[in-house]
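A structural walkthrough
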Amino acid sequence: MSKLKPGKSPGRDNIHPEFVIHQSTTTSGWLCAFYTSCYQRLKLPKTWRRASVIALPKPNKPAEDPKSYRPISLLCVPFKILERMVHSRIEPVVDSQLPREQAGFRRGRSTADQVTLLCQDIEDSFQDNEKAGVVYLDLTAAYDTVWHRGLHLKLLRTIPDRHMVKFIMETLSNRSFILQTSSGQCSRLRRLKNGVPQGSVLSPMLFNVYIHDLPDTASRKYGYADDLAIMLSRPTWKAMEEGLNEDMGTLVAYLRRWRLQLSVGKSVAAAYHLSTREARRELEVRC
């Protein structure tokens, strides 16, 4: 409760963060007892399963295109407190099992670390007179396409407490949302069958668990949540492109198996070398 920030928008229950921050000791005790009952009985209020989604326009995008808007999901404040309690209990267990190349939403790790590491590996390939090829991968609606049954299986392999896993899956089931516009209009109720809740405290960790078992590749991997890059250095262009294509086949097969989709249009391959004559060379990498 002490981590709540004032001034945040409430969820569908209209409970503002200030209500919880300034509540009495008796109210805090009742709320803790209510959380305990929810955990033991594996039940949640229906209001906590519903989100209010506000669509914000992206800059310099056509207003008539639905893809030009960024959805912001507003969850109930008491539910976010409960998620933080669960997060603090499972974080030490989960974090110890995540791969080193995953830096997304982990203590002591950041995007800058991955960028620095990638740049250093590219410079090391120059020292070895090799050419480096990097493929930057982007997933389509990664958080929204997480397969619940697949996530359930991976949580059971990661967290030894089966009751905790059941409770986490209960927070993901039977979720719905209503889209609200700036003019006050609302859409009809839409139900979600897959994915992790947007704006949830647990969602980044759950997604890390979902992709923590990426297959081994000859290329080195660099990850930040759903953003992934692979780098391979070889003495010749042919050897490097063959290695990248083989690794891409391995990763695409993994993504297809776990119902994640690669955004081909946003995925880019880039070559790094010291040859001025081949400055415009493009890598032949396909998936």
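Residues numbered from 1 in each chain as written. Predicted model: local features only at pLDDT ≥ 70, side-chain atom pairs only at ≥ 80, totals over all residues. Heavy atoms only, no water.

A short note on the confidence of the model for the protein chain
In the predicted model, the protein chain carries a mean pLDDT of 92, and the fraction of residues at 70 or more is 99%. The secondary structure element of the protein chain with the lowest average pLDDT is strand β2 (residues 69–74), at 87, and the one with the highest is helix α5 (residues 148–158), at 97. (pLDDT = per-residue confidence, 0-100. Helix = DSSP H or I, 4+ residues; strand = E, 2+ residues; numbered from the N terminus.)

Focus on the packing of α5 against helix α6 (residues 162–172)
Between α5 and α6, the least distance of the axes is 10 Å, while the angle of their chain directions is 155°. With respect to their mutual orientation, α5 and α6 come out roughly antiparallel. In this structure, α5 crosses over α6, and the sense of that crossing is right-handed. Contact residues: α5 offers His148, Leu151, His152, Leu155 and Leu156, while α6 offers Arg162, Val165, Ile168, Met169 and Leu172. The residue makeup of the contact of α5 with α6, split by class, is seven nonpolar, two polar and one charged. (Axes fitted to C-alpha atoms, helices over the stretch in contact; angles between N-to-C directions. Parallel < 35°, antiparallel > 145°, perpendicular 65-115°, else oblique. Left-handed = near helix turned anticlockwise from the far one by under 90°. Contact = heavy atoms within 4.5 Å. Nonpolar A, V, L, I, M, F, W, Y, C, P; charged D, E, K, R; others polar.)

Some details on α6
Here α6 has its buried residues at Met164, Val165, Phe167, Ile168, Met169, Thr171 and Leu172. On the buried face of α6, the contacting elements are α2 (25–41), α3 (77–95), α5, β4 (175–180) and α7 (203–210). Phi turns positive, to about 55°, at Asn174, one or two residues after α6. (Buried < 20%, exposed > 50% of the residue type's maximum accessible area, 1.4 Å probe, protein only.)

Details of the sheet that holds β4
The four strands lie next to each other as β2-β1-β4-β5, forming an open sheet whose pairing is mixed. The two strands at the open ends of the sheet, each matched to only one other strand, are β2 and β5 (190–192). Strand-to-strand, the axes of this sheet are offset by a mean angle of 35°, without reference to chain direction. When strand β1 (residues 50–57) meets β2, the two strands line up antiparallel, connected through six bridges. Bridging from a neighbouring strand, Leu56 pairs with Arg70 of β2. (Pairing = 2+ DSSP bridges.)

Considerations on the packing of α2 against α6
Direction vectors running N to C along α2 and α6 enclose 105°, while the axes themselves pass 9 Å from each other. When the interaxial angle is binned, α2 and α6 end up roughly perpendicular. Judged by residue contacts, Cys38, Tyr39 and Gln40 of α2 engage His163, Met164 and Phe167 from α6. Residues of the contact of α2 with α6, tallied by class, amount to four nonpolar, two polar and no charged.

Here we look at empty space enclosed by the protein
Over the atoms, a rolling probe the size of a water molecule traces out where space has been left empty. The final tally for this structure, using the stated rule, is one cavity of 30 Å³ or more. Counted as a void, the largest cavity has a volume near 40 Å³. Taken together, Phe79, Leu82, Glu83, Val86, Phe167, Thr171 and Leu202 form the lining of the largest cavity. Listing elements by their share of the lining of the largest cavity, those giving two or more residues are α3 and α6. (1 Å grid on protein atoms, 1.4 Å probe; cavity = no way out; pocket = protein on both sides within 12 Å on 5 of 7 lines; lining within 4 Å. Points joined across faces, edges and corners; volume = space filled by probe spheres on them.)

As for the sheet that holds strand β3 (residues 131–138)
Across a sheet, paired strands are connected by hydrogen bonds in the backbone, their directions being either parallel or antiparallel. Spatial strand order, β6-β7-β3-β8: four strands in an open sheet with antiparallel pairing. If you trace the sheet from one side to the other, it starts and ends with β6 (220–224) and β8 (268–272), each paired once. Taken over all neighbouring pairs, the strand axes of this sheet differ in orientation by 20° on average, direction set aside. Of the pairings in the sheet, the one linking β3 to strand β7 (residues 227–234) comprises eight bridges and is antiparallel in character. Note that in β7 the partner of Gly133 across the bridge is Leu232. Of the strands in this sheet, β3, β6, β7 and β8 are in contact with helix α4 (residues 111–127), which crosses β6 at around 160°. Those strands touched by helix α8 (residues 237–257) are β3, β7 and β8, and its axis lies near 150° from that of β7.

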